[in-house]
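An overview of the molecular structure
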Amino acid sequence: MHPTDQNTQSPLIIFGIGNPGEEYAKSRHNLGMMCVQNFAKSHLLKFTNSSKYTRYGKGIICNQEIIVARPKLFVNECGTAIIYLQQKFLIPYSNFIILVDDMDIPCGKIRIRTSGKSGGHNGIRSIIDKTGTDQFSRIRIGIGHPPEKNNSINWVLGDPSSQESLILKDAIATTTKAITSIIKHGIKPSMDIFNQKN
């Protein structure tokens, strides 16, 4: 059995990484949050619950209980939100699907992984550091590298160009399809479909 395939009696939590605040709402670093919001909207789920650490909502998709969540903390603190959700719902970390931007993937491409290191992403690093495990699934959405190698902070916190925005709009829609596929068919079959497409 594999993460998000074995414990379907427990909820699956779809968590989109991003920074709170209007100034960051359209930034590349908030792509994970954009994806969870799009997924929630497409399945008529609302973020009706709120805590100090996160906003979240619940629903049923294909007979599976789903929780959609986004942080109220900054990216480098989002592990605290994951701890809160895990303790509240008493589910294994393998039942989390984290949505995250990734500079090492070309803009608009996605990759599904079931575990792994942070890849230099402060949000994933925070989750691993706080939980003590990297055994959680993630969908990495590519934002590409900045033109200047030493400009990564400005790159992730900056807004995409109009051309990039069109590409990322498609990537957000693809991510919603990938999450839905994971819920319906499991993560391994979904990896075979969506990782090959990209």
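See the structure above.
Residues numbered from 1 in each chain as written. Predicted model: local features only at pLDDT ≥ 70, side-chain atom pairs only at ≥ 80, totals over all residues. Heavy atoms only, no water.

1. Points about the packing of helix 1 (residues 31-42) against helix 5 (residues 162-185)
For the pair helix 1 and helix 5, the least separation of the axes is 9 Å and the interaxial angle reads 60°. Taken together, the axis directions place helix 1 and helix 5 in an arrangement best described as oblique. In the packing of helix 1 onto helix 5, the handedness of the crossing is right-handed. Mapping the contact onto sequence places L31, M34, C35, N38, F39 and S42 in helix 1 and L168, I172, A173, T175, T176, I179, T180 and I183 in helix 5. (Axes fitted to C-alpha atoms, helices over the stretch in contact; angles between N-to-C directions. Helix = DSSP H or I, 4+ residues; strand = E, 2+ residues; numbered from the N terminus. Parallel < 35°, antiparallel > 145°, perpendicular 65-115°, else oblique. Left-handed = near helix turned anticlockwise from the far one by under 90°. Contact = heavy atoms within 4.5 Å.)

2. What to know about helix 1
In this model helix 1 runs 16 Å from its N-terminal to its C-terminal C-alpha over 12 residues, within 8% of the 16 Å that 1.5 Å per residue would give. Buried within helix 1 we find L31, G32, M33, C35, V36, F39 and A40. At its buried positions, helix 1 is contacted by strand 1 (12-16), strand 3 (54-61), strand 4 (64-71), strand 5 (96-102), strand 7 (137-142) and helix 5. Positive phi shows up at L44, right after helix 1, with a value of about 60°. (Expected span 1.5 Å × (residues − 1). Buried < 20%, exposed > 50% of the residue type's maximum accessible area, 1.4 Å probe, protein only.)

3. Some thoughts on the pattern of salt bridges
Going through the model one piece at a time under the given rule, you end up with 2 salt bridges. As a salt-bridge pair, E164 and R28 come within 2.9 Å of each other at their nearest N and O atoms. Within this pair, whereas E164 is found in helix 5, its partner R28 is found in the loop between strand 1 and helix 1, the two being separated by 136 residues in sequence. For E164, a relative accessible area of 13% gives the class buried. Notably, a salt bridge pairs R140 with D102, separated by 2.6 Å at the nearest N-O pair. You can see R140 sitting in strand 7 and its partner D102 sitting in strand 5, a full 38 residues away along the chain. When sorted by exposure, R140 lands in the same class as D102, which is buried. (Salt bridge = Lys/Arg side-chain N within 4 Å of Asp/Glu carboxyl O.)

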